[in-house]
2 protein chains.
Amino acid sequence: MSAHRPFANALDMLRAAKLRPTRQRLALAKILFEKGDRHVTAEQLHDEAAAAAVPVSLATIYNTLHQFVAARLLREVVVNPGRSYFDTNVADHHHFFFEETGKLMDIASDRIEVTNLPQPPQGAIRRVDVVIRVGPKS
Amino acid sequence: MSAHRPFANALDMLRAAKLRPTRQRLALAKILFEKGDRHVTAEQLHDEAAAAAVPVSLATIYNTLHQFVAARLLREVVVNPGRSYFDTNVADHHHFFFEETGKLMDIASDRIEVTNLPQPPQGAIRRVDVVIRVGPKS
DNA sequence: TGCTATTTTAGAATTATTCTAATCTAGGCG
DNA sequence: CGCCTAGATTAGAATAATTCTAAAATAGCA
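Basis of the calculations
- Residues numbered from 1 in each chain as written.
- Chains lettered and ligands numbered in written order.
- Predicted model: local features only at pLDDT ≥ 70, side-chain atom pairs only at ≥ 80, totals over all residues.
- Near = placed C-beta within 6 Å.
- Helix = DSSP H or I, 4+ residues; strand = E, 2+ residues; numbered from the N terminus.
- Nonpolar A, V, L, I, M, F, W, Y, C, P; charged D, E, K, R; others polar.
- Least-squares fit on C-alpha atoms with pLDDT ≥ 70 in both.
- Contact = placed C-beta atoms within 7 Å.
- Pairing = 2+ DSSP bridges.
- Core = buried A, V, L, I, M, F, W, Y, C linked by C-beta atoms within 7 Å.
- Buried ≥ 20, exposed ≤ 12 C-beta atoms within 10 Å, placed from the backbone.
- Axes fitted to C-alpha atoms, helices over the stretch in contact; angles between N-to-C directions.
- Parallel < 35°, antiparallel > 145°, perpendicular 65-115°, else oblique.
- Expected span 1.5 Å × (residues − 1).
- Arc of directions from axis to C-beta.

Things to note about the protein's contact with DNA strand C
- Around DNA strand C, the structure places 27 residues, and the nearest of them are A:Thr22, A:Ser57, A:Ala59, A:Thr60 and B:Ser84.
- Elements supplying a minimum of two residues to the surface near DNA strand C: helix 2 (23-33) and helix 4 (58-70) of chain A together with helix 3 (42-51), helix 4 (58-70) and strand 3 (83-87) of chain B.
- The biggest single contributor to the surface near DNA strand C is helix 4 of chain A, with four residues.
- Partitioned by chemical class, the residues of the surface near DNA strand C number 10 nonpolar, 11 polar and six charged.

Below is the structure:
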């Protein structure tokens, strides 16, 4: 049960985002959003699309991921140099990052409290990201 | 006044880190640590070294930055895909990230309170990074 | 069905970083 | 003090992720 996914299906989702529902975008949206919260890299998504017999070029994967981020269907998470993760959970939340495996895990925003937020000297706060980096036991 | 820099000079710093004080490492340490807290990229440091008439190859810049990180003289900060920042402030603290300029600004750890930290399902917490992303006013 | 703006694509280009193998040097030793 | 060697530096090639380009495909309205 993903109470946070506001769209019944990929088609509605794309329509709401004003993105033309092409074969590729529909397929990628399905792969991304039909399995609950996920953190995928471009490469992973490319492989999954291929596995699902939906050949999509890597260029389109990147185009689509960025369009989805702009439409707030996805959120980009940067924890590791040289590789972006795309998070299907766009609700306010934070992350564990497991250094050994390179995996991310969501932390619901009410599980952490960030208080006393200082105001920036200029501009407006866009987002507050908390990343808890986890390494091996000892 | 940088009350947090525990070494009088670059030489002592390298000795304490068990890194042979070569011409390049001494020069880079000076550039990095003699100007208070900084956030530099490899490219920036390379340029500054060149400007200081200390020609250092980019390979050495990267080697040195990573050795300094391993020795806890520097901390690597990842906020932007495809580019690492190296922070001369290794005390526990957090960051503003200004999306327009790509600049980082330290936030002392006592200016933010992160409470209620959940325990990871496995492994040990290495570090908690809070990044406040700041965009243009409107 | 035809038309046009949008999308997709292959492949080249770009960017940051790492690797490799050859050369250099710090610093201990005789 | 000069020699020797492990460790350091280097140029340049290699890699990896991502972006760009310009041409071919397609969605969807008229």
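That shown, we press on.
Quick look at the relation of the copies chain B and chain A
- Rotating chain B by 180° and translating it 0.0 Å along the rotation axis places it on chain A, where the RMSD comes to 0.0 Å. With respect to symmetry, the two chain copies, as superposed, fit the operation of a two-fold axis.
- Of the interface residues in chain B, 100% have counterparts in chain A that sit at the interface too, so the contact is made through matching surfaces.

A look at the pairing of strand 5 (residues 103-108) of chain B
Residue and element names in this part refer to chain B.
- One ladder, built from six bridges, connects strand 4 (residues 93-98) with strand 5; its direction is antiparallel. Across the sheet, Phe98 pairs through a bridge with Lys103, a residue of strand 5.
- The antiparallel hairpin formed by strand 4 and strand 5 contains four residues in its connecting segment, where Gly102 sits at a positive phi of about 75°.

Quick notes on the interface of chain B and chain A
- The interface of chain B with chain A comprises 34 residues on the first partner and 34 residues on the second.
- Contributing elements (two or more residues each) for the side of chain B that touches chain A: strand 2 (75-80), strand 4, strand 6 (113-115) and strand 7 (124-135) of chain B.
- Per element, the largest residue contribution to the side of chain B that touches chain A is 12 residues, and it comes from strand 7 of chain B.
- Among the residues making up the side of chain B that touches chain A, the classes are represented as 19 nonpolar, seven polar and eight charged.
- Judged from the 11 bridges that link them, strand 7 (residues 124-135) of chain A and strand 7 of chain B form a sheet pairing that is antiparallel. Opposite A:Asp129, over in strand 7 of chain B, you have B:Val131 as the bridge partner.

Observations regarding the protein's contact with DNA strand D
- A:Ser84, B:Thr22, B:Gln24, B:Ser57 and B:Thr60 are the nearest of the 27 residues found near DNA strand D.
- Those elements giving two or more residues to the surface near DNA strand D turn out to be helix 3 (42-51), helix 4 and strand 3 (83-87) of chain A together with helix 2 (23-33) and helix 4 of chain B.
- With four residues, the top contributor of residues to the surface near DNA strand D is helix 4 of chain B.
- Residue composition of the surface near DNA strand D, by class: 10 nonpolar, 11 polar and six charged.

Examining the sheet that holds strand 1 (residues 39-40) of chain B
All names here are of chain B.
- Pairing in this open sheet of three strands is antiparallel, and the strands run 1-3-2 from one edge to the other. Two strands bound the open sheet, and with one partner strand each, they are strand 1 and strand 2.
- Strand direction decides the pairing type here: strand 1 and strand 3, joined by two bridges, are antiparallel. Each bridged residue has a counterpart across the sheet, and for Val40 the counterpart in strand 3 is Phe86.

Quick look at the nonpolar core
- Core analysis: the biggest nonpolar cluster contains 51 residues, and A:Leu28, A:Phe97 and B:Leu28 have the highest contact counts within it.
- Residues contacting A:Phe97, with those up to four places away along its chain left out, are A:Val79, A:Leu104, A:Val131, A:Ile132, A:Arg133 and A:Val134.

Describing the packing of helix 2 of chain B against helix 3 of chain B
All names here are of chain B.
- In the contact formed by helix 2 and helix 3, the axes pass within 10 Å of each other and the chain directions differ by 110°. Of the possible angle classes, the one that applies to helix 2 and helix 3 is roughly perpendicular. Residues Ala27, Leu28 and Ile31 of helix 2 pack against Leu45, Glu48 and Ala49 of helix 3.
- Partitioning the contact of helix 2 with helix 3 into residue classes produces five nonpolar, no polar and one charged.

Details of the environment of B:Arg72
- One can find B:Arg72 in the loop between helix 4 and strand 2.
- Expressed as a C-alpha distance, the spacing of B:Arg72 and B:His46, which sit 26 residues apart in the sequence, is 20 Å.

Description of the environment of A:Arg25
Residues and elements named next belong to chain A.
- Of note, Arg25 is situated in helix 2.
- You can call Arg25 buried: it has 22 C-beta atoms within 10 Å.
- Expressed as a C-alpha distance, the spacing of Arg25 and Phe98, which sit 73 residues apart in the sequence, is 30 Å.
- The residues touching Arg25, leaving out its near neighbours within four places in the chain, are Leu14, Leu19 and Thr64.

A few points about helix 4 of chain A
All names here are of chain A.
- Taking 1.5 Å per residue as the helical rise, helix 4 with its 13 residues ought to reach 18 Å, and the 18 Å between its terminal C-alpha atoms agrees with that figure.
- Among the residues of helix 4, Ile61, Thr64, Leu65 and Phe68 are the ones counted as buried. The buried residues of helix 4 occupy an angular sector of 100° when projected down its axis, which confines them to one face. Counted as exposed and oriented over 90 degrees from the buried face of helix 4: Ala59 and Ala70.
- Looking at the buried side of helix 4, the elements it contacts are helix 2, helix 3 and strand 3.
- Within two residues after helix 4, Arg72 carries a phi angle of roughly 60°, on the positive side.

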